[in-house]
Amino acid sequence: MSTIQLRTLIPGPRSQALMKRRNDAVVQAAYHATPVFVAKAEGALIEDVDGNRMIDFAGGIGCLNAGHRAPAVIDAVRRQFDRFLHTSFNVLPYESYVAVCEKLNAIAPGKGPKKTLLVNTGAEATENAVKIARAYTRRPAIIAFEDAFHGHTYMAMAMTSKTHPYKAGFEPFPTEVYRIPYAYCYRCSYSMQYPSCGVFCAKHLEDTFKRVVAAETVAAVIVEPILGEGGFVTPPAEFFPTLGEICRKHGILLIADEVQTGFGRTGAMFACERLGLEPDLVAMAKSLGGGLPLAAVTGRADIMDAPASGQLGGTFGGNPAACEAALAVLDVFAKQNLCARANVLGERFRKRAAEWQNHWQLVGQVRGLGAMQALELVRSRLTREPADDETKQVSQYCYEHGLVTITAGSYSNVIRLLMPLVITDAQMDEGLDVLGSALGHVAEGKPALTAQPG
Ligand SMILES: Cc1ncc(COP(=O)(O)O)c(C=O)c1O
């Protein structure tokens, strides 16, 4: 029996009715990629309110690396529900918060003894990493990258690059954020070519210190090891070692934003390990909580302890249920070797993607590490004109045929894969079949077929 099971056209009547209520009650700014309301989910499968069964290649935007409702996570959360739900770590501390910090200190990238702060969201993690870096260095400036995404709160928005829909209309942003090009070789800001460029983009940081912002005023460089919302852009091997060397020379801290790359997505627990990035501070969130909101900043103990007692925190940061979930997630990773699984899934995708690239000009670049894989779609391989409308059509074809995907990229022309790492081979292949036929239909200019329930 196939995994995907469509009982109605998608979106079905119940989803459509809920969408009407949603439109009256919920702000339009709260975007969603599919017009489908979920009823339940398990592993890598979603069932919608009309009884349609879909494969999930989005994982709640990369939050479900350990799978929907991982049994160990559900058990741990249930046990916590029978004890207490909330005291606030700032009022009455509890052991699970400490245990999560101990685990993250042990596994997070970076040298030396570490300490951790728990918060709720990725944006809070990146904001707090900046507070800590400024408190430690007593310097004001932050360097962020073109095509970066660090969250929807004000400092996170200031560090984020993409204007629409994230920033336009919300100005002014906090000051002292400077932007430099990322190693986006497919669209190099300097029109150079790798490897002959010698990672000019990283080396050019020295020039930025002369012409834009003085090195001695820079607290930190914040960087995603692989761009998430920016389109899964994966820098070449020399990029991070070069960047790290320059930062160390000037006493500038390196903050790795592992919110999307972390917890096995790239085939290692953290992408830093795969890319030679040695951070001083790491921001984490998404898959840490196994579906519950939990985020963290982990870093060198002396840096993390720069802010004084009471200077960091929040009412819900490190909620007890989320902490128990995180401990279970880390256990699932060890027991099921999900990092290795990420590499297998990535290989499975790469084989299919190479065929697609041979067939269709539309597939401009295939890139990624482990199971963090993406397709950048273009109208012409020669001009690399971003195929944004086509990307939307591919995504629509996919959900209409039972596959949930999400897009990315500063030009909105990237299809990215964030499926739970517990997805079975059969589910993965079936999802790739749908994605392949979606690309075929769009590349060959056919209107998206309407999937037939059955
Ligand atoms: C790299 C990165 N940093 C930060 C964030 C913000 O996380 P949150 O949405 O939990 O605030 C995201 C979210 O997609 C992200 O991908």
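In this text the structure is predicted, and so the values were computed from the model without any measurement. (Residues numbered from 1 in each chain as written. Predicted model: local features only at pLDDT ≥ 70, side-chain atom pairs only at ≥ 80, totals over all residues. Heavy atoms only, no water.)

(A) Structural detail: empty space enclosed by the protein. The full count for this structure, using the stated rule, is two cavities of 30 Å³ or more. Estimated volume of the largest cavity: approximately 120 Å³. As for the largest cavity, its lining consists of 16 residues, of which Ala183, Cys185, Cys188, Cys197 and Cys201 are closest to the centre. A per-class count over the lining of the largest cavity returns 14 nonpolar, two polar and no charged. Roughly 30 Å³ of volume is contained in the second largest cavity. Broken down by secondary-structure element, the contributors of at least two residues to the lining of the second largest cavity are β9 (281–284) and β10 (295–300). (1 Å grid on protein atoms, 1.4 Å probe; cavity = no way out; pocket = protein on both sides within 12 Å on 5 of 7 lines; lining within 4 Å. Points joined across faces, edges and corners; volume = space filled by probe spheres on them. Nonpolar A, V, L, I, M, F, W, Y, C, P; charged D, E, K, R; others polar. Helix = DSSP H or I, 4+ residues; strand = E, 2+ residues; numbered from the N terminus.)

(B) Region of the structure containing the sheet that holds strand β2 (residues 45–48). Taking strand neighbours across the sheet as the criterion, the four strands line up as β1-β2-β3-β13 in an open arrangement whose pairing is mixed. Of all strands in the sheet, those with a lone pairing partner are β1 (38–42) and β13 (403–404), marking the two edges. (Pairing = 2+ DSSP bridges.)

(C) Summary view of the pairing of β10. The element β10 is largely enclosed, with a buried count of five among its six residues. Sheet analysis places strand β4 (residues 114–119) next to β10, joined by six bridges and oriented antiparallel. Following the sheet pairing, Lys114 is matched in β10 by Arg300. (Buried < 20%, exposed > 50% of the residue type's maximum accessible area, 1.4 Å probe, protein only.)

(D) Spotlight on the pattern of salt bridges. On inspection of all chains with the given rule, the structure shows 19 salt bridges. Asp429 is paired through a salt bridge with Arg348; the nearest N and O atoms lie 2.9 Å apart. Here Asp429, found in helix α15 (residues 425–443), pairs with Arg348, found in helix α13 (residues 338–359); they are 81 residues apart in sequence, far enough to count as distant. According to the relative accessible area criterion, Asp429 is partly exposed, its value standing at 25%. Overall, Arg348 belongs to the partly exposed group, its relative accessible area being 28%. Salt-bridge contacts for Arg379 lead to Glu385; the nearest nitrogen and oxygen are separated by 2.9 Å. The partly exposed category is assigned to Arg379, whose relative accessible area is 35%. Look at Glu385 and you get partly exposed, because its relative accessible area is 38%. (Salt bridge = Lys/Arg side-chain N within 4 Å of Asp/Glu carboxyl O.)

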